[in-house]
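Inside the fold
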Amino acid sequence: MVTISHDGPVWTLDLGTDENRFSPDWLETVGQALDQLESTTEPAVLVSTGGGKFYSNGLDLEWLGQNLDQHDSYVERVEALFARILTLPVPTVAAVNGHAFGAGAMLAMAHDYRVMREDRGYFCFPEVDIHIPFTPGMNALVTSKLTPRAALDAMATGRRYGGGEAVAVGLVDGSAAADELAETAAGFVRDLAGKDRATLGTIKARMFADVVAALRSGNAEPA
């Protein structure tokens, strides 16, 4: 179950304790949690994390397979979440507690910073091996955060990166032991909690204008 809580300025979005796949209900609950954060005015930062072996295993392919008539609207909802996190008017960090695959890894990429557990879990874009090319928006999101070489290696090979390897290529900004992950992640953003939301939101929106346009283009077909 998705929950959101805060300790002073640090808001923690817990994505759940299972595979945290992007079911319609999960997407709805995450959106409501973000609404709760954005309805406040006090200084804040956001840390997202999971509570089990997974940060997120991405798209709910089982649900999608049973609801093919909703494919386009479903992908649009997923990409809208990426765009929202990318331009959220507070500093954000993903505390990647376990496996982050596919859209789950993309969700982490949408954050300002990423910290990964150093001893367990993989960060992976498996699309090339499961025959699902990236949509234009997803492609734009990932490539906006990586060097061309790192993007090619991560997106075109399906390689699984452990914590240290993910740091080395820039997929994440740091790694930590499991019992230090949340605090290490919060340390990336806690001191930024006082940034003016309107200004920060505008900076992010302009910085990632092309990515947001691609994510919100409504083109759910693979490219």
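Everything here concerns the structure above.
The text that follows walks through the structure, step by step, so that each part is easy to find. What you are looking at is a predicted structure, and each value in this text was computed from that prediction instead of being measured.

1. Describing the sheet that holds strand S8 (residues 123-124)
- Taken together, four strands build an open sheet; the order of strands is S4-S6-S8-S9 and the sheet is mixed. In the strand order of this sheet, the two ends are held by strand S4 (54-56) and strand S9 (160-161), each with one partner.
- Pairing of strand S6 (residues 99-101) with S8, which is carried by two bridges, proceeds in the parallel orientation. Paired with phenylalanine 101 across the bridge in S8 is cysteine 124.

2. Considering the sheet that holds strand S10 (residues 174-176)
- Reading across from one edge, S1-S2-S3-S5-S7-S10 is the order of the six strands in this open sheet, with mixed pairing throughout. Among the strands making up the open sheet, the edge pair consists of strand S1 (3-7) and S10. Within the sheet, the average angular offset between the axes of one strand and its neighbour, ignoring direction, is 25°.
- Pairing of strand S7 (residues 113-117) with S10 involves three bridges; the strand directions are parallel.

3. Details of the nonpolar core
- Phe22, Leu46, Phe82, Phe123 and Phe125 are the most contacted members of the largest nonpolar core, which has 60 residues in total.
- A per-element tally of this core places helix H3 (residues 71-86) first, with eight residues.
- Beyond its immediate stretch of four places on either side in the chain, phenylalanine 123 contacts Ala100, Ala105, Ala108, Met109, Arg114, Met116, Arg159, Arg160, Tyr161, Leu171 and Val172.
- One finds Val47, Val115, Ala185 and Ala193 within the second-largest nonpolar core, a separate group that totals eleven residues.

Cut-offs used in this document
- Residues numbered from 1 in each chain as written.
- Predicted model: local features only at pLDDT ≥ 70, side-chain atom pairs only at ≥ 80, totals over all residues.
- Heavy atoms only, no water.
- Pairing = 2+ DSSP bridges.
- Helix = DSSP H or I, 4+ residues; strand = E, 2+ residues; numbered from the N terminus.
- Axes fitted to C-alpha atoms, helices over the stretch in contact; angles between N-to-C directions.
- Core = buried A, V, L, I, M, F, W, Y, C linked by side-chain atoms within 4.5 Å.
- Buried < 20%, exposed > 50% of the residue type's maximum accessible area, 1.4 Å probe, protein only.
- Contact = heavy atoms within 4.5 Å.

Everything listed here is a matter of geometry and, on its own, says nothing about what the molecule does.
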